[in-house]
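# Notes for the structure review
Chain by chain, the residues:
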Amino acid sequence: MYLKPVIAANWKLNHGPTDARAFLQRFLAQSPKQNDRTVIFFPSALTVTTVMDGLKDRPDLWVGVQNVHSEAQGAFTGENSVLMARDIGARVVLVGHSERRHVFGETDAMTTRKMALISQARLIPMLCVGETLEEREGGHTAAVVERQLTAGLAELDDAQVAAIMLAYEPVWAIGTGRTATPEDASEIHGVLRQALASRVGDKVAAGIPILYGGSVNRGNAAQLLAAPDVDGLLVGGASLDADSWASIVRA
Ligand code: 13P
């Protein structure tokens, strides 16, 4: 079982096995085991085995995958399967990341299927939601994230909902250096918590980790983490450097 806060590194399309080995050596040298949080690495699928090997003595450091296909197997050249993710020992799978939605055209319907498949495989899906700048400026943020959440949960039973993780990543904050304020993050996390509560009740909803992502760095991590309803961080760019990531993990 994981501990909150959950601090996750999304390496996106960076760090092959050679880089990952060097990264882990440097990161582990300055990162003693912590008993009050769970840290997750999301490397490229081609780097997962290397990272798992490097972390085998560290149960506090988990490995996940960045994406799986919406079917478990078949003629889908180039895709990765949830069954393979489980086989390799991954524990968490990102679903509906902004880049999947906006660069690769992933739809709400696809996130519905993926959330169900991942839950059935008894892995933890981490559903990512977030509004574009245009949607924010139009006053649609809450409606957008609620719609994305509803789609993500559509095929899950209540026990499966209780086992998910959520990440709020405003699209305008990803890779832009423009972070949501802790107040902004708290406000939308509160909206998500309410939506979860109306599905599974207050107590269960309170236990579901809601991570914030979008231009998190070592300078703002502690402040974001201290904000009400922020149960963790999902970090892109600042997780690529071992020193920067080690300091965020200690935040
Ligand atoms: P950045 O931290 O680079 O803004 O990326 C956030 C993100 O997309 C993590 O999934």
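First things first, this report covers the structure right here in the doc. (Residues numbered from 1 in each chain as written. Predicted model: local features only at pLDDT ≥ 70, side-chain atom pairs only at ≥ 80, totals over all residues. Heavy atoms only, no water.)

### A few points about the site of the ligand
Formally: Working definition: residue near molecule or strand if any one of its non-hydrogen atoms lies within 4 Å of it. What qualifies as a polar contact is a pair of N or O atoms within 3.5 Å, subject to a donor-acceptor requirement within protein and to the restriction that residues adjacent in sequence count only when both atoms come from side chains. Here the accessible surface of atoms and residues is derived via Shrake-Rupley with a 1.4 Å probe, and residues count as covered only by protein chains that are part of the display. Asp, Glu, Lys and Arg are counted as charged, while Ala, Val, Leu, Ile, Met, Phe, Trp, Tyr, Cys and Pro are counted as nonpolar; the rest, among them Gly, fall into the polar class.
Neighbouring the ligand are 13 residues; Lys-12, His-97, Gly-175, Ser-215 and Gly-237 lie closest to it. Between the ligand and the protein, one listed contact pairs an oxygen atom with a side-chain N or O atom of Asn-10 at 3.0 Å. One nitrogen or oxygen atom from the main chain of Gly-237 is found 2.8 Å from an oxygen atom belonging to the ligand. When isolated, the ligand has an accessible area of 300 Å², and the protein chains bury 95% of it. Of the residues that constitute the shell around the ligand, the class distribution is four nonpolar, seven polar and two charged.

### Concerning the layout of surface pockets
Applicable threshold: Think of a 1 Å grid over just the protein atoms. A cavity is a set of points where a 1.4 Å probe fits yet cannot get out, a pocket is an open set with protein on both sides within 12 Å along at least five of seven lines, and lining residues have an atom within 4 Å of a point. Grid points are joined across faces, edges and corners, and a volume is the space filled by probe spheres set on the points.
Here the largest pocket is characterised by a volume of approximately 470 Å³. For the lining of the largest pocket, the per-class residue count stands at seven nonpolar, eight polar and four charged. Here the second largest pocket defines a volume of roughly 320 Å³. Together, 15 residues line the second largest pocket, and Ser-119, Arg-122, Leu-123, Ile-124 and Ala-163 are the ones closest to its centre. Of the residues assigned to the lining of the second largest pocket, the class counts are 10 nonpolar, three polar and two charged.

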